[in-house]
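Each chain, letter by letter, is given below.
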Amino acid sequence: MIKADLHTHSTASDGILEPEQLVARAAQRGFTHLALTDHDSVEGIARAQEEAVRWGIVLIPGVEISCNAGREVHILGYGLDPYDEALLAFFRERTLEREERAARMVANLEKDGEKISLARVRELAHGVMGRPHVARALVEEGYASSVSDAFDRYLVPGRCGYVPRKEIKVARAVQLLSQAGGVAVLAHPMELRLGDMALEALVREWKTQGLAGMEVYHPSAAANHAARLLSMARRENLLITGGSDFHGEEVRNVCIGQGLDRWQSMQEDVRTLLRRIGD
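Sequence positions are assigned chain by chain, starting from 1 and proceeding in written order. For a predicted model such as this one, the threshold for reporting local features is a pLDDT of at least 70, and the threshold for listing and counting side-chain atom pairs is 80 or more; totals across whole chains, interfaces and linings nevertheless cover every residue. With hydrogens and water stripped out, all remaining heavy atoms of the structure feed into the side-chain values.

Next up on the list: the overall build of the protein chain. Helical segments are the DSSP runs of H or I of at least four residues, strand segments are the runs of E of at least two, and each set is numbered from the N terminus. Counting secondary structure elements, the protein chain contains ten helices and seven strands. Rg of the C-alpha trace for the protein chain: 18 Å, near the compact-globule value of 19 Å for 279 residues, within the 12% margin. Expressed along its principal axes, the backbone C-alpha trace of the protein chain runs to roughly 55 × 45 × 40 Å. Note that accessible areas follow from Shrake-Rupley with a 1.4 Å probe, and for residues the cover is restricted to the protein chains shown. If you sum the accessible surface of the protein chain, you get close to 12200 Å²; carbon and sulfur atoms cover 48% of it. Computing the positive centroid from 34 side-chain charges and the negative centroid from 40, the protein chain places the two 4 Å apart. Note on method: radius of gyration uses C-alpha positions; expected globular size equals 2.2 Å times residues raised to 0.38. His is not counted here, nor are the chain ends, while Lys and Arg score as positive and Asp and Glu score as negative. In this description, the location of a charge corresponds to atom NZ of lysine, CZ of arginine, CG of aspartate or CD of glutamate.

Turning our attention to the nonpolar core. Of all hydrophobic cores here, the largest spans 69 residues; its most connected members are Leu6, Ile75, Tyr78, Leu186 and Val216. Two residues form a contact once any of their heavy atoms are found within 4.5 Å. Apart from residues lying up to four places away in sequence, Leu6 is in contact with Ala35, Thr37, Ile60, Tyr78, Thr241, Gly242, Gly243, Trp263, Val270 and Leu273. One finds Leu109, Val134, Leu138 and Tyr154 within the second-largest nonpolar core, a separate group that totals 20 residues. Remark: nonpolar core denotes a set of buried residues (Ala, Val, Leu, Ile, Met, Phe, Trp, Tyr, Cys) joined through side-chain atoms within 4.5 Å. In this scheme, a residue with accessible area under 20% of its type's maximum is buried, one over 50% is exposed, and one in between is partly exposed, where area comes from a 1.4 Å probe on protein chains only.

Assignment of secondary structure puts Ser117 in the loop between α3 (85-111) and α4 (118-125). Relative accessible area serves as the criterion here: at 36%, Ser117 is assigned to the partly exposed category. For the pair Ser117 and Glu141, spaced 24 residues apart in sequence, the C-alpha separation works out to 9.7 Å. By the criterion applied in these results, polar contacts are pairs of N or O atoms within 3.5 Å in which, for protein atoms, one can donate a hydrogen and the other can accept it, and in which residues neighboring in sequence qualify only through two side-chain atoms. Within the local environment of Ser117, its side chain forms a polar contact with the backbone nitrogen of Ala119, the two atoms lying 3.1 Å apart.

Next up on the list: the pairing of strand β6 (residues 213-217). For β6, a buried count of five out of five residues is recorded, marking the element as mostly surrounded by other parts of the structure. Crossovers are marked right-handed if the path from the first strand over the helix to the second runs clockwise, as seen with the strands pointing away from the viewer. Running through helix α8 (residues 196-208), the crossover from strand β5 (residues 183-186) to the neighbouring parallel element β6 is right-handed. Being paired, for any two strands, means DSSP has found at least two bridges between them. Here four bridges tie β6 to strand β7 (residues 239-242), and the two strands are oriented parallel to one another. Bridge assignment links Met214 to a residue of β7, and that residue is Ile240. Note that the unit made of β6, helix α9 (residues 223-235) and β7 has a crossover that is right-handed.

Right, dumping it as structure tokens:
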């Protein structure tokens, strides 16, 4: 029996657990398949793979790339080569961009009276810096009660600490993933906050650019949402995936596997994904 979570994060991006700890926790909770999908980073995959071998579970190498299409869009990649040079060069660029963005966030917050240390943000990040690390620094200094509170107060568009990302088109992300041997999947489509017709129009457009699947099962998709996403994915002949988007309870109050209890076709869908990766 397959028990899978295809969307998780480690300290290689903005998760709380080291890659080895993440794999161990998943294995201890009975998961047979796990995808590590850190933001703009594949640095944790080799470590996670070693731990997965030790526990006897299947580790699917993955990543999550942040894009822009008039709004923020996240693309998951599965089965990619974590040593692909073009992909690594892209992530090096993204890391520098994230560092510059974090520095601007800290400077903007200081101007507004919220004093946090960029050095502390870097310590919290371990690897790729992002808004969650700035949020955790704000919580440590008492400016917010939780990471989500810090986002709402300071780090979303219109707030003093928000700094927009450099624009990356979905087509470029999909192309990079495809060239690295991976398959591209639209992450948590309900977070785009689009109606069904608008979402399906975008999905069709991205499919012509190489999009291969949709994350139907995710904590953001309630039962009725998941049913509509499933119908859409089947109409468009897309791979169907699911993941908890686990970062660690300190970042999001979500546990490994959360939101996946409705994934009735998990066995078939994961096998289909594995076959596609194998191909």
